[in-house]
Amino acid sequence: MRERIWAPPPPLLLLLPLLLPQPLWGGPQDSARRESEREPGPLQPFDLLYASGAAAYYRGDYEQAVRDLEEALRSHRRLREIRARCARRCAVHHPLAPPGAGPGAELLFFRSLLERARCYRSCETQRLGGPASRHRVSEDVRSDFQRRVPYNYLQRAYIKLNQLEKAVEAAHTFFVANPEHMEMQQNIENYRAMAGVEALQLVDREAKLHLESYNAGVKHYEADDFEMAIKYFEQALREYFIEDTECRTLCEGPQRFEEYEYLGYKPGLYEAIADHYMQVLVCQHECVRELATRPGRLSPIENFLPLHYDYLQFAYYRVGEYVKALECAKAYLLCHPDDEDVLDNVDYYESLLDDSIDPASIEAREDLTMFVKRHKLESELIKSAAEGLGFSYTEPNYWIRYGGRQDENRVPSGVNIEGAEVHGLSMGKKLSPKIDRDLREGGPLLYENITFVYNSEQLNGTQRVLLDNVLSEEQCRELYSVATSGYEGRVPLKSARLFYDISEKARKIVESYFMLNSTLYFSYTHMVCRTALSGQQDRRNDLSHPIHADNCLLDPEANECWKEPPAYTFRDYSALLYMNDDFEGGEFIFTEMDAKTVTASIKPKCGRMISFSSGGENPHGVKAVTKGQRCAVALWFTLDPLYRELERIQADEVIAILDEEQQGKHELNINPKDEL
């Protein structure tokens, strides 16, 4: 990622007091009682508990699996708490001395730094009941906990133990972090059916406190209970800043110096300090991403933090606290200075102030002012360091607007309160943009025997292609068997390799045919079957899969497609590869934006593939299957490597190992009983 780092000059020391920054908003101070707390025994490493729980699951000991996995989650949570508490405690008791001038002036700073480090290590060792090194884990384990994989094991284990409510909690907790996981979505629906309750309570066991308070505030706001809305939004902000402090604190852990290991030497003092500091700073700078988006996913930043102040500015107005309304409106404008609605509101709030109050004396809320100021300073420092230290960094747009608060409460300007009529707030939704790349098609199909059927013009649309013979009859039968047999997560190795190979074949065809200038990555891949319902089938005109677009929210009434969450906005191309034709109904259809006017209808059959761009230019759906079962491989692709399918990366690694083991052999000799 970077070249060898040059040694920075001594003035870098002026930045080092930021290395372990004090909380901007105080954060929760540990009481004397909590300071004297001790763990009942040494904290067990969560990676060992996780491995033990997974092993118990695979040998069918579900009670032991539940015990170990639940304990692993508790250990992981407790480890984070201890690290955050020790960091806060040591920051208070050992403040960093600013570097002075003259010979040896930096020694005072380094002495305070060493004292804080010693305090932190002592605190960790005492509270963990042993050395902190026992709790260092691999990147694979760290990734699993970030993606909430233990909850996937738990939901299956709880079902085996007939503990439905706990299974639903675990399944939902996993699904929140992995919303594209179709199997888990189906599991949740199945659990609801088993419980006989459609609206079964869904609990996210890892929900952040500030999100819960924020959602409560939105509910009270929508019910016009503005006093309670203010209470919960203010509580959400306090919790947000506390969690931001914890996130930034946890960024201060050990860093790796892989580039130095590769070059065969250890970094010098300033090199090591600069490298460690910049890694910490980038991590802290992106805590705003961590607190605003789904856990474990790299997705566009939601307009989350400023939205608190947008809600609050109107809520304070409705309860008659115009100064606070003005402070919140000006705070919101720190992030969105061109928002015309809020600019109008500022003018109106100023007109409501007492004559004794100078509107210019009312400033934006201090909490967000300090937050944004620090964020901008960090951004400038990171960009400057990227140029001087030779590493690559692209600043995300942290304040993307996906629309204002979801209500119709815009304060009208220039009228009095008694005569004020509430008008609709401009939602500011982000339209599905025109495709910003050259629209090309007709590239080579790469493989023999593939038959071209129709292009975009013949399918009455944009960026569409229909191909036949992408799969052979034998391949269709093999995949259909896998899709319909139910292997409970384990499939024959030969079938898994076929699925891997044909999905890669589809990716290459799509990338080549649409003549893309950059690599197309897998975003999500799965097999799906649609089965006819029992009962009367005559004259059915319903849909098995409603009309939708793959990367934006289709709004037929407005004839638009809004490219905003919860849509998978990062998807660029889609493909469906069919396995069979021994069914009735189930035609794939394209429509206009109105979701009614059909522009093309395609009858699936073995080896047929339809591919198209994923935006609002290609609304599509599936007609009802009226007899039999229709199966396909569904594939979504992205041009952005940040959104690569993690499971595909893991599959690449497994396949590479298998290929290496087979190297030198003339044919692949696979035992059909082997499983993957």
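Residues numbered from 1 in each chain as written. Predicted model: local features only at pLDDT ≥ 70, side-chain atom pairs only at ≥ 80, totals over all residues. Heavy atoms only, no water.

The criterion, for reference: UniProt positions are given in the numbering used here, feature names are shortened, and annotations may be inferred rather than shown by experiment.
As annotated in an unreviewed UniProt entry, the protein chain carries the name procollagen-proline 3-dioxygenase and is attributed to Callithrix jacchus. According to its UniProt record, the protein chain has this under Sequence similarities (unreviewed entry): "Belongs to the leprecan family." Under the heading Catalytic activity (unreviewed entry), UniProt records this for the protein chain: "L-prolyl-[collagen] + 2-oxoglutarate + O2 = trans-3-hydroxy-L-prolyl-[collagen] + succinate + CO2".

### So, the overall build of the protein chain
Threshold: Every helix listed is a DSSP run of H or I at least four residues long, and every strand listed is a run of E at least two residues long, numbered separately from the N terminus. Residue exposure (1.4 Å probe, protein chains only): buried if accessible area is under 20% of the type maximum, exposed if over 50%, otherwise partly exposed. Here, two residues are considered to be in contact whenever any of their heavy atoms come within 4.5 Å of each other. Here the Shrake-Rupley method, with its probe set to 1.4 Å, supplies the accessible areas, and only the displayed protein chains count as covering residues.
From N to C terminus, the protein chain includes 20 helices and 14 strands. Scored against the burial criterion, the 676 residues of the protein chain give a buried share of 46%. The contacts of the protein chain with a sequence gap of at least 6 include a subset with a gap of at least 24, amounting to 75%. Surface accessibility of the protein chain: about 34,400 Å² in total, with carbon and sulfur atoms responsible for 50%.

### Concerning the side chain of Ser-523
Tracing the sequence through the fold places Ser-523 in strand β3 (residues 521-531). The buried category is assigned to Ser-523, whose relative accessible area is 6%. Sequence-distant contacts of Ser-523, that is, excluding residues within four places in its chain, are made with Phe-570, Arg-571, Trp-636, Phe-637, Thr-638, Tyr-643 and Glu-645.

### Thoughts on unusual backbone geometry
Negative phi values dominate among residues other than glycine, just as trans dominates among peptide bonds. The residue Leu-446 is not glycine, and still its phi comes out positive at about 75°. Mapped onto the elements, Leu-446 comes out in the loop between α17 (366-389) and β1 (451-454).

### A short note on the packing of aromatic side chains
The cut-off we apply is this: Only centres within 6.5 Å qualify two rings of Phe, Tyr or Trp (six-membered ring in Trp) as a pair; their planes then separate them into stacked at under 30 degrees, edge-to-face at over 60, and tilted for everything else. The criterion for a charge sitting over a ring is simple: Lys NZ or Arg CZ within 6 Å of the ring centre, and within 35 degrees of the ring normal.
As enumerated under the stated definition, the model contains 31 aromatic pairs in all. Here Tyr-58 and Tyr-153 contribute two aromatic rings whose centre-to-centre distance is 5.9 Å and whose plane-to-plane angle is 90°, an arrangement assigned as edge-to-face. Of this pair, Tyr-58 sits in helix α2 (residues 46-58) while Tyr-153 sits in helix α6 (residues 149-160), placing them 95 residues apart in sequence. Ring centres 5.3 Å apart and planes at 90° place the aromatic pair Phe-590 and Phe-612 in the edge-to-face group. Of the two residues, Phe-590 sits in strand β9 (residues 588-591) while Phe-612 sits in strand β11 (residues 609-613), which places them 22 residues apart along the sequence. With respect to burial, Phe-590 and Phe-612 carry one shared label: buried. Among the aromatic residues, those joined into a cluster by ring pairs are Tyr-214, Tyr-221, Phe-226, Phe-233, Tyr-311, Phe-314, Tyr-317, Tyr-322, Tyr-348 and Tyr-349. Against the face of Phe-590 rests Arg-464, its NZ or CZ located 3.8 Å from the ring centre. Above the ring of Tyr-447, the side-chain terminus of Lys-505 is found at 5.1 Å from the ring centroid.

### Section: the pairing of strand β12 (residues 620-623)
Here is the rule: Pairing between strands is defined by DSSP: at least two bridges between the two strands are required.
Pairing geometry for strand β4 (residues 543-548) and β12, over 3 bridges, is antiparallel. Bridging across to β12, His-545 finds its partner in Val-622. As paired elements, β9 and β12 share 3 bridges and run antiparallel to each other. Bridged to Phe-590 within β12 is His-620.

### Some thoughts on the pattern of salt bridges
Cut-off, in case you're wondering: What counts as a salt bridge is simple: a side-chain nitrogen of Lys or Arg found within 4 Å of a carboxyl oxygen of Asp or Glu.
Scanning the entire structure with this criterion turns up 25 salt bridges. A salt bridge links Glu-378 to Arg-374; the shortest N-O distance between them is 3.9 Å. With Glu-378 and Arg-374 both in helix α17 and 4 residues apart, the pair spans about one turn of that helix. Both residues of the pair, Glu-378 and Arg-374, count as buried. Among the salt bridges present, the one from Arg-497 reaches Asp-659, with a minimum N-O distance of 2.9 Å. Separated by 162 residues along the polypeptide, Arg-497 in helix α19 (residues 493-513) and Asp-659 in helix α20 (residues 646-662) bring together distant segments of the chain. Note on Asp-659: relative accessible area 36%, which makes it partly exposed.

### Some remarks on helix α18 (residues 473-485)
Quick note on the threshold: For a helix, the expected span equals 1.5 Å multiplied by the residue count minus one. For this quantity, the arc is that covered by the directions from the helix axis to the C-beta atoms.
Helix length check: α18, at 13 residues, gives a terminal C-alpha distance of 18 Å against a target of 18 Å (1.5 Å per residue), a fit within 8%. Inspection of α18 places Cys-476, Leu-479 and Val-482 among the buried residues, and these make up the whole buried set. Seen end-on, α18 carries its buried residues on one side only, within an arc spanning 130°. Seen from the open side of α18, the exposed residues pointing more than 90 degrees away from its buried face are Glu-473, Glu-474 and Arg-477. Residues of α18 that are buried in the fold lie against α19, β3 and β7 (573-578).

### Comments concerning the state of the cysteines
Formally, a disulfide is one covalent bond, and it connects the sulfur atom of one cysteine to the sulfur atom of another. Rule in force here: Two cysteine sulfurs form what is called a disulfide whenever their separation falls within 2.5 Å.
One pass over the structure, following the stated rule, counts 5 disulfides. Each sulfur in the disulfide pair Cys-476 and Cys-606 lies 2.1 Å from the other. Across the S-S bond linking Cys-476 and Cys-606, the dihedral sits near 95°, which makes this disulfide right-handed. In this pair, Cys-476 is assigned in helix α18 and Cys-606 in the loop between β10 (598-602) and β11, connecting sequence segments 130 residues apart. For Cys-476, a relative accessible area of 2% translates into the label buried. For Cys-606, a relative accessible area of 13% corresponds to the buried category.

### Details of the sheet that holds β10
Which entries qualify depends on this criterion: To define axes, lines are fitted to C-alpha atoms, for helices over the stretch in contact only, and angles between the resulting N-to-C directions are given on a 0 to 180 degree scale.
Spatially, the 4 strands line up as an open sheet ordered β4-β12-β9-β10, and their pairing is antiparallel. Because the sheet does not close on itself, it has two edges, and the strands there are β4 and β10. Sheet twist, expressed as the average angle between the axes of neighbouring strands with direction ignored, equals 20°.

### A word on the confidence of the model for the protein chain
In plain terms, the rule: A score from 0 to 100, pLDDT tells how confident the predictor is in each residue.
In this model, the protein chain carries an average pLDDT of 78, and 75% of its residues clear a pLDDT of 70 or more. By mean pLDDT, the top-scoring element of the protein chain is β11 (97), and the lowest-scoring one is helix α1 (residues 32-35) (37). This stretch, residues 1-38, has a pLDDT under 50; its non-local contacts, to residues over four places away or in other chains, come to 78 contacts. Segment residues 293-302 is flagged for pLDDT under 50; beyond a separation of four residues in sequence, or across chains, it makes 33 contacts in the model.

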